[in-house]
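# A look at the structure
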Amino acid sequence: MTTTDPILRTDGLKKHYKQSTTPLEVLRSKLTGGGKEPIKAVDDVDLSFHENEISGVIGESGCGKTTLLETLIGLHDPTAGEIYFDGRPTSEFGSEEWHEYRRRVRIIFQNPYEAMNPKFTVRRALTEPLSIHGLDTDEERLYDVLERVNLTPPEQYLDKYEGQLSGGEKQRVAIARELIVDPDVILADEPVSMLDVSTQVAILHMLKELAAEDDLSVIYISHDISTVSYICEEVNVMYLGNVVESAPTRKLLDDPEHPYTRELLRAIPIPDPDHDRTRSNVPGNPPDPVNLPSGCNFKERCPDRMEICDVEPVLFPTGEEHRTKCHLHYDHEQHADAAVDDGPTAAEHRAVGDGGNQ
Amino acid sequence: MSEPLLEVEDLHIRYETETGGIAAVTDASFAIDDGEYHGLVGESGCGKSTIAKSIIGGLDANGRVSAGTIRYRGEEIQDFTDDEYSERIRWKNISMIPQASMNSLDPVMRIHKQALDLAEVHTDWSEEKTMDRLEELFDIVGLPPDRMRDYPHQFSGGMQQRVVIALALLLEPDLIIADEPTTALDVIMQDQVMAYLQNIKEDIDVSLLMITHDISLVFEECDSMTVMHGGQVAESGSIRDVFYDPRHPYSILLQKTFPDIRYPDQELTTIEGTPPILSGEVSECTFADRCPWAKPECREDAPPLEPTEGNPAHVNSCIRSHEMDQLAAEETRHAEVTDDND
């Protein structure tokens with residue numbers, strides 16, 4: 001897909017939440033070293049994001065996608081692992097570098113109805129990020145960014161208040177506000193789920209264009225696989241804090257490997273009265289991230305459960321740009337021989353290993 | 001032909017506000033037969049939830065049916081008092097699964113107690129009969145009967161939704177109205193709830209009016225459908241009528257805005273503009289401002305719902321419906337021209 005270095009990359013990223021809340025409990029767990037198991041919201045996630053590319057992160061509520069996003073933007077310190085931005089680890093950032101990072105990595109939130117200060121005009125909403133980052137607030141810049149998000153003619157919008165805009169227009173202003181500081185990465189958290197379908201498509205098209213034309217890397221986080229597959233070149237599926245499968249979109253749709261991905265795809269309704277869809281078969285609910293079963297997180301609900309699933313599988317390269325965290329899809333002996341390294345040698349395992357999945 | 005279970009005819013609903021009246025529903029008509037699953041689709045603000053509320057007499061205090069009729073088994077019910085609705089319609093004959101219905105359960109009352117309360121208010125059933133019925137329904141919606149005595153919080157979101165469905169079916173109604181029954185659920189949970197709704201259809205003789213913005217769900221789960229825009233019915237008919245032979249521009253375009261996971265490369269359409277907010281009398285097609293094929297006549301009068309030639313059960317409110325085949329085929333070219341103008 002891309003040969004350039006990723007603009008943003010995570011390496012073994014973990015974000016665990018402690019469960020001890022009262023000071024007494026915290027003290028006790030410090031003294032005894034025990035205490036409750038942490039909640040593993042994000043557990044050992046390796047992802048790479050490239051410029052000019054839209055990558056999707058999908059999963060159901062509680063899968064950790066929002067915690068991942070909040071950790072990426074620096075709202076939480078990772079429990080373990082590292083985030084690399086433009087090749088540099090963010091853990092080494094000083095406050096000035098963080099400031100610059102926050103200019104170059106921006107977020108679009110889910111709810112455009114609450115994203116903008118109702119007392120601000122569009123002009124003020126757009127100039128605020130500029131002044132925070134010490135950039136020029138000339139009129140041309142405002143016009144330009146409004147045109148890029150298709151709010152034309154710009155002069156009609158600059159002096160409007162939030163209440164005078166429709167839902168789709170609000171989301172466009174929210175996007176313009178992030179674009180105006182010329183970022184490298186946009187994290188989009190369910191950016192269209194609150195909008196009507198007729199407006200959704202327009203916003204999706206716009207994100208697609210922006211990624212292609214402005215060297216942006218867009219990370220699109222959503223539970224809605226239909227929209228994800230419509231705009232993303234690559235999709236990462238999360239289940240309970242883990243990435244369970246990553247693949248180019250087309251590959252993932254045509255040949256999902258992880259049982260969870262397969263069932264997730266089956267659950268999507270098809271707009272065709274004569275299409276006879278096999279319904280998904282995932283009994284029960286996602287288990288509590290507090291007391292996760294040992295082994296594979298998905299085993300309790302998995303239609304393909306095996307004995308080996310009590311052992312945690314690894315996220316294994318099963319094909320070109322395709323990684324799957326499921327025992328069904330790699331050869332265990334081959335993996336055990338070289339369990340220590342996971343880089344290029346993994347491809348070799350594939351060659352000699354379970355070739356049936358190619 | 002026997003008479004429909006529910007018939008909405010020429011319905012007008014208005015909300016009075018401090019700044020004047022709002023026409024939420026204008027001249028809407030559709031009908032649901034016994035055992036039929038009917039989908040009501042449209043964007044936010046199109047009037048679909050308002051119609052649902054009016055059917056069980058649950059309009060907000062400032063809303064009223066200003067003209068037209070709602071007939072349940074032939075009897076006009078739109079002018080019933082609240083007591084009459086309570087006594088004769090709600091729960092027993094028509095029950096409603098509201099939006100975000102998991103919040104509609106009483107959090108401090110066990111499920112079986114809530115069922116017994118319902119039966120006591122609306123029927124003369126014995127406790128035993130109610131419990132037997134609840135057990136049967138728990139089975140149909142895939143909940144273990146030994147959880148009938150649990151509190152709502154002990155169930156997950158998807159399970160709470162199924163509890164609400166079981167309660168809605170408790171008093172053997174003929175019609176359930178489900179307002180966005182799965183919007184708050186993840187896709188796998190949604191699929192489960194829909195599977196149970198289909199079980200119900202096989203096991204119990206009940207009709208469903210499903211209100212949703214998701215046209216895919218309607219095509220999969222319903223027999224017939226009504227598409228609404230700006231308070232008007234754009235088109236109504238069997239799901240196959242609307243899918244294979246859509247006659248109203250809005251239903252044609254709406255279908256093209258929905259992604260189909262089978263064809264990720266298919267280009268999706270945008271419908272320009274937003275639905276109008278309608279004050280005063282509505283005397284135009286409310287889709288005219290967003291319609292690529294609007295003519296001056298579209299703004300002169302509210303279009304009547306007319307049957308499609310040769311198919312009286314398939315109605316639409318577009319005065320150009322007979323040319324739609326041709327116009328929609330030209331649409332691609334039309335879109336290119338508009339792009340150039342941008």
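Look up a bit, the structure's there.
What this report covers is the structure whose coordinates are included nearby. (Residues numbered from 1 in each chain as written. Chains lettered and ligands numbered in written order. Predicted model: local features only at pLDDT ≥ 70, side-chain atom pairs only at ≥ 80, totals over all residues.)

### Comments concerning the sheet that holds strand β1 (residues 8-17) of chain A
Residues and elements named next belong to chain A. The cut-off we apply is this: A strand pair is defined by DSSP finding two or more bridges across the two strands. Runs of E in the DSSP output that reach at least two residues are strands. Runs of H or I that reach at least four are helices, and both are numbered from the N terminus. Each residue is represented by a C-beta atom placed from its backbone, and any two residues with such atoms within 7 Å are regarded as in contact. Fitted lines through C-alpha atoms give the axes, limited to the stretch in contact for helices. The angle between two N-to-C directions lies from 0 to 180 degrees.
Spatial strand order, β2-β1-β4-β5: four strands in an open sheet with antiparallel pairing. This sheet does not close on itself; its edge strands, each paired only once, are β2 (39-49) and β5 (88-89). One ladder, built from five bridges, connects β1 with strand β4 (residues 80-85); its direction is antiparallel. Among the inter-strand pairings, K14 is bridged to a residue of β4, identified as A80. Contacts from helix α2 (residues 65-72) reach β1, β2 and β4 within the one sheet, and its direction differs from that of β2 by about 65°.

### A word on the nonpolar core
The nonpolar side chains of soluble globular proteins are, as a tendency, buried together. All names here are of chain B. Applicable threshold: Put simply, a nonpolar core is a cluster of buried Ala, Val, Leu, Ile, Met, Phe, Trp, Tyr and Cys residues tied together by C-beta atoms within 7 Å. Any residue whose C-beta has 12 or fewer other C-beta atoms within 10 Å is treated as exposed, any with 20 or more as buried, and any in between as partly exposed, C-beta atoms being built from the backbone.
A166, L170 and I177 are the most contacted members of the largest nonpolar core, which has 170 residues in total. Ranked by residues supplied to this core, first place goes to helix α5 (residues 157-169) with eight residues. Among all residues touching L170, those that are not within four sequence positions of it are A115, L118, A119, R133, L134 and L137.

### Regarding the interface of chain B and chain A
Convention followed: Each residue gets one label: Ala, Val, Leu, Ile, Met, Phe, Trp, Tyr, Cys and Pro are nonpolar, Asp, Glu, Lys and Arg are charged, and the others, such as Gly, are polar.
Each partner contributes to the interface: chain B provides 33 residues, whereas chain A provides 32 residues. At the level of secondary structure, the elements contributing two or more residues to the side of chain B that touches chain A comprise α6 (187-203), α7 (215-221), α8 (239-244) and α9 (249-257) of chain B. Considered class by class, the residues forming the side of chain B that touches chain A number 14 nonpolar, 11 polar and eight charged.

### Overview of helix α3 (residues 111-122) of chain B
All names here are of chain B. For the record, the criterion: Helices are assigned an expected span. That span is 1.5 Å times one less than the residue count. The directions from the helix axis to the C-beta atoms form the arc being described.
A rise of 1.5 Å per residue sets the reference length of α3, with its 12 residues, at 16 Å; its end C-alpha atoms lie 17 Å apart and thus fit the reference within 8%. If you check which residues of α3 are buried, you get I111, A115, L118 and A119. Here the buried residues of α3 occupy an arc of 95° about the axis, which is enough to place them on one side. Set apart from the buried face of α3 by more than 90 degrees, the exposed residues are E120 and V121.

### Focus: the pairing of β4(A)
All names here are of chain A. The sheet contact formed by β4 and β5 spans two bridges and is antiparallel. Across the sheet, F85 pairs through a bridge with R88, a residue of β5. Taking the residues between adjacent antiparallel strands as the criterion, β4 and β5 are bridged by two residues, where D86 takes a positive phi near 55°.

### Considerations on the sheet that holds strand β5 (residues 75-76) of chain B
With antiparallel pairing, the four strands of this open sheet are ordered in space as β2-β1-β4-β5 (chain B). Each end of this open sheet is capped by a strand with a single partner; those strands are β2 (20-32) and β5 of chain B.

### Some thoughts on the pairing of strand β12 (residues 311-316) of chain B
Here is the key point about a regular strand: its side chains alternate between the two faces of the sheet. All names here are of chain B. Pairing of strand β10 (residues 232-238) with β12, which is carried by two bridges, proceeds in the antiparallel orientation. Paired with E235 across the strands is N316, a residue of β12. In terms of strand pairing, strand β11 (residues 306-308) meets β12 through three bridges, oriented antiparallel. Residue pairing across strands places E306 opposite N316, the latter belonging to β12. Linking β11 back to β12 in an antiparallel pair, the connection comprises two residues, with G310 at a positive phi of about 80°.

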